[in-house]
Amino acid sequence: MSTLPVTSLLHSVQLQRKPKHRTTSLALFGLIVVSFYIFFIARPSLDLAPIALRTDTRGHADARVQRIDDENSSPSPSRLFRLPPKVLNNVDRPQLKLDESQELAAVAAFVAALPQNTIPWSIDPSQPIDPQLVLDFDTRNPRAADEVKQIVEEVWSRYPVMLFTKVRHSFIFRCRNSYAEPRYHFQLHHGSSREIRSMISNMNLRPSPPIFDVDQREDADVLIPLLHRLTSSTELPVLLIGGKPVGSIAAIRELNGSGELATMITNAGSVIDGTKKKKGH
């Protein structure tokens, strides 16, 4: 009689444990199903995760690994060395064209800037010069015209008087009585250039005018005909006052004798006897 209640009690306990084990098994089975769905079925949805956590669609390594590889490799030219869009657009822009006065100013500024600046021998002096050869900025720039205007103003403001001369006058003497007609080449000091040099020097101008002995330059064969075209002169010397050629040696003598040459020089911005006054102070 006493064993019956114990047996009934054990049987009731076993009946209570079965639902708990069933619940645990169902929960474990559900967890497995959810995990399988996440890792195998729903994996494409991970592409929406941040780029540092997902695999690149082209099959590259993880973004963090790729970033380390990028640091060890050379920089991407397309990012670090890309030209500004402004420069890229200038390739399609038309080349700047200079009129003769602008071309003269550009050539004068180029020659006066540095002694080693020479005009390339390959150019045709009878044709307009390529602006890019004598200007130090992109001549296809949208502001190129404004920069040329500024250069023209600056060069003649800095050098109100500029003189292009030749040191020697050359001529050939032929012996008529000789059968082989031998030729003798002579070089004498160029009188007109020496005369204008002395004329300008006696004015003691400030700023001091640059004087170029064109026939002594490496680019003489190109620069001389180029100056003739731009100044409408036929020979050296060429005197520029305010960026404009004065004329022939006869015209310069006449202007100097009347005093008008001094007036032109003063109006251009030079100070006559300016170097004397500066030394006196």
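The coordinates are above.
Since this is a predicted model, take the numbers as computed values, not measurements. (Residues numbered from 1 in each chain as written. Predicted model: local features only at pLDDT ≥ 70, side-chain atom pairs only at ≥ 80, totals over all residues. Heavy atoms only, no water.)

Draft legend 1. A look at the sheet that holds strand β4 (residues 211-213). Across the sheet, 4 strands lie side by side as β4-β1-β5-β6; this open sheet has mixed pairing. Unpaired on one side and paired on the other, β4 and β6 (244-245) mark the two borders of the sheet. Sheet topology places strand β5 (residues 238-241) next to β6; 2 bridges connect them, and they run antiparallel. Of the residues in β6, the one forming a bridge with isoleucine 241 is lysine 244. (Pairing = 2+ DSSP bridges. Helix = DSSP H or I, 4+ residues; strand = E, 2+ residues; numbered from the N terminus.)

Draft legend 2. A look at the pattern of salt bridges. Evaluation of the coordinates by the stated rule reveals 5 salt bridges. One salt bridge in this structure joins arginine 217 and aspartate 219, with 2.9 Å as the shortest N-O distance. Residues arginine 217 and aspartate 219 agree in their burial class; the two are buried. (Salt bridge = Lys/Arg side-chain N within 4 Å of Asp/Glu carboxyl O. Buried < 20%, exposed > 50% of the residue type's maximum accessible area, 1.4 Å probe, protein only.)

Draft legend 3. Spatial organisation of helix α7 (residues 144-158). Taking 1.5 Å per residue, 15 residues should reach 21 Å; α7 reaches 21 Å between its end C-alpha atoms and fits that length. Looking at α7, one finds that the buried residues are Ala144, Val148, Ile151, Val155 and Trp156. The arc that holds every buried residue of α7, seen down its axis, measures 110°, which confines them to one face. Residues of α7 that are exposed and point more than 90 degrees away from the buried face comprise Lys149, Glu153 and Ser157. (Expected span 1.5 Å × (residues − 1). Arc of directions from axis to C-beta.)

Draft legend 4. Representation of the packing of helix α5 (residues 100-113) against helix α9 (residues 220-231) within the structure. Across the interface, α5 lies against α9 with an axial gap of 9 Å and an inter-helix angle of 145°. As for how α5 packs across α9, the hand of that crossing is left-handed. Note on element contacts: α9 touches α5 through Leu223, Leu226, Leu227, Arg229, Leu230 and Thr231, opposite Glu100, Glu103, Leu104 and Val107. Its residues placed into classes, the contact of α5 with α9 shows 6 nonpolar, 1 polar and 3 charged. (Axes fitted to C-alpha atoms, helices over the stretch in contact; angles between N-to-C directions. Left-handed = near helix turned anticlockwise from the far one by under 90°. Contact = heavy atoms within 4.5 Å. Nonpolar A, V, L, I, M, F, W, Y, C, P; charged D, E, K, R; others polar.)

Draft legend 5. The environment of aspartate 213, seen in detail. Looking at the element boundaries, aspartate 213 is found in strand β4. What makes aspartate 213 partly exposed here is its relative accessible area of 24%. Sequence separation between aspartate 213 and leucine 236 is 23 residues, and the spatial gap between their C-alpha atoms is 9.8 Å. Beyond its immediate chain neighbours, meaning those up to four positions away, aspartate 213 contacts Thr165, Val167 and Arg197. A distance of 2.8 Å separates the side chain of aspartate 213 from the side chain of threonine 165, its partner in a polar contact. (Polar contact = N/O pair within 3.5 Å; in protein donor to acceptor, adjacent residues only side chain to side chain.)

Draft legend 6. Layout of the pairing of β5. Because side chains alternate across β5, one face comprises the buried residues Val238 and Leu240, and the other comprises Leu239 and Ile241, equally buried. Pairing of strand β1 (residues 161-165) with β5 involves 4 bridges; the strand directions are antiparallel. Within β5, the residue paired with leucine 163 across the bridge is leucine 239. Taken together, β5 and the strand that follows it, β6, pair antiparallel across an intervening segment of 2 residues, in which glycine 242 is found at a positive phi of about 65°.

Draft legend 7. A look at the packing of α5 against α7. The geometry of α5 relative to α7 is characterised by a closest axis approach of 9 Å and an angle of 60° between their N-to-C directions. When the axes of α5 and α7 are compared, the pair comes out oblique. Judged by the twist between their axes, the crossing of α5 over α7 is left-handed. Here Gln102, Leu104, Ala105, Ala108 and Ala109 of α5 lie close against α7, whose contacting residues are Val148, Ile151, Val152, Val155 and Trp156. (Parallel < 35°, antiparallel > 145°, perpendicular 65-115°, else oblique.)

Remember, this is a structural readout, not a statement about activity or role.
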